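Chain residues, written in single-letter form:
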Amino acid sequence: MPPAILCVAIKSLVISAINLFIRDFIFKSDVCPLLWLFVHVHVVAMAVKVKSVCILQTTLRNSCTFYELEVTVDDATWKVYKRFRDFFGLDVKLISHCGLPRGLLPPKILKNKSKKNIEKRMTALQEYMTCVIARWEQTPRDLLDFVQYEEHNVVGVTGLLTTAVIEKGERMLKSNQMVEFTPQQLHCITRRLTTEAPTYDASSGRPSSDIGHLFDFLCQVKKLKIRSLPGDVTSDTVVGTKGGFMFDLSLFKAVEFLALHEVDPALIRGVEGIQPQLKKLAVHFCSDPLQVSGYSMTLLTCSL
C-alpha cells in the first residue's frame, strides 16, 4: 500500500477510535447526548480531494499567456486563470513539502510562443496536473491554494467571511453601518447551514473555522445590501450552481432596511422570516417584483 494512502487509513482509524470512546463514555454517563455532537465535530477533520483540473484554453493578456483551468471538488466547479510561473511555483512547493518527484513539470518556452508550441505545452501541463491530483488521496494544502479552493468552496467562502466578521463585525454593528453581501456569499452561507461539515474544526487552529461568529453577526445586522457582481446571476463557475445563486434570508432576524441591486428575487428564500422587523425595502435594477409583508415592491430608481 502506498505510504500516503496508508497514512490516511491510519488517521481515519485513530479518529474513529477516539470518537467511539467519547461516544461510549457520554452515553454511559449522565452527560447530555448533545455533548456527543459537540465533541464529535471537534474531533473529525475534513478531508478535501480535488476531483479534476481541466485546462480548457489559453488567453493572452499584456503579452502574457494565461491558462484557463476548470476545477472540480465534489459537486463544486469553478474556473481560475494561471500563468506558467504559477505552475512552476506549485511544483517547487510540492517537491519541497510533499515529496513530489522532480522533472514532472514541462520546461518553460522562453521565446517561441507559436500557437503550436502553446498547445503542446498546454497538453503537457494537463498531463502534469492529472498526475499531481492522482498522487494523493487527500489533496495537499499547496495544491488547494493553487486552485483557489478557499475562495470558491462553500466552507472556504464562509471561512473568509468569518475572518472578516471577527476583525470588523463588532465595529460595524456598533456604528450601524450598511453591511453588503453578494448573492454568491449568501448562497455559500445558506449551503453551509445544511452541509455535514462541522461548524468548528479545532484541528485547524484558525478562528475562521468557527462560523458561529458569522451566524451571530448575521442575526444582528440591521442594514443589509445585496449586490450582484458581474456574472453572479447566471454564472455556474462557482460552487457548481446553474441559473444563479439561491440564498435564504431567514438568518437576518434584525434587518430593518434591505437593499437589492441587480438581484433576481426569484432566487431569494426566507423572505417571510424578515417581514416582522423590515421597515424599508429598496430594489434597484431587479427584473421581477419581490413580495414582502403582503405588498409588491417593483423597480425603483434609488441611490444605494
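Conventions used here
- Residues numbered from 1 in each chain as written.
- Predicted model: local features only at pLDDT ≥ 70, side-chain atom pairs only at ≥ 80, totals over all residues.
- Heavy atoms only, no water.
- Helix = DSSP H or I, 4+ residues; strand = E, 2+ residues; numbered from the N terminus.
- Buried < 20%, exposed > 50% of the residue type's maximum accessible area, 1.4 Å probe, protein only.
- Contact = heavy atoms within 4.5 Å.
- Areas by Shrake-Rupley, 256 points an atom, 1.4 Å probe, with all protein chains shown as cover.
- Pairing = 2+ DSSP bridges.
- Axes fitted to C-alpha atoms, helices over the stretch in contact; angles between N-to-C directions.
- Salt bridge = Lys/Arg side-chain N within 4 Å of Asp/Glu carboxyl O.

A. Representation of the overall build of the protein within the structure. Each helix and strand in the protein was counted, giving 9 helices and 11 strands. Here the protein holds 304 residues, and the buried ones make up 40% of them. Within the protein, contacts between residues separated by at least 24 positions form 57% of all contacts whose residues are at least 6 apart in sequence. Total accessible area on the protein stands at roughly 17,000 Å², and carbon and sulfur atoms take up 57% of it.

B. Spatial organisation of the sheet that holds strand S7 (residues 257-261). Ordered by their spatial adjacency, 4 strands build an open sheet running S4-S5-S7-S9, and the pairing between neighbours is parallel. Both edges of this open sheet fall to strand S4 (179-181) and strand S9 (280-284), since each of them pairs with a single strand only. Each adjacent strand pair in this sheet contributes to an overall mean axis angle of 15°, direction not counted. Of the strand pairs in this sheet, S4 and strand S5 (residues 223-227) are connected by 3 bridges, and their pairing is parallel. Paired with Val179 across the strands is Leu224, a residue of S5.

C. Looking closely at the pattern of salt bridges. Scanning the model with the defined rule gives 5 salt bridges in all. Taking the shortest distance from any N to any O, the salt bridge between Arg141 and Asp145 comes out at 3.5 Å. Of the two residues, Arg141 and Asp145 both sit in helix H5 (residues 141-146), 4 residues apart, roughly one turn of that helix. The salt bridge partner of Glu180 is Arg227, with a shortest N-O separation of 3.3 Å. Residue Glu180 is located in strand S4, and its partner Arg227 is located in strand S5; the two are separated by 47 residues in the primary sequence. Looking at Arg227, the relative accessible area reads 22%, which means it is partly exposed. Connected via shared salt-bridge partners are Glu180, Lys225 and Arg227.

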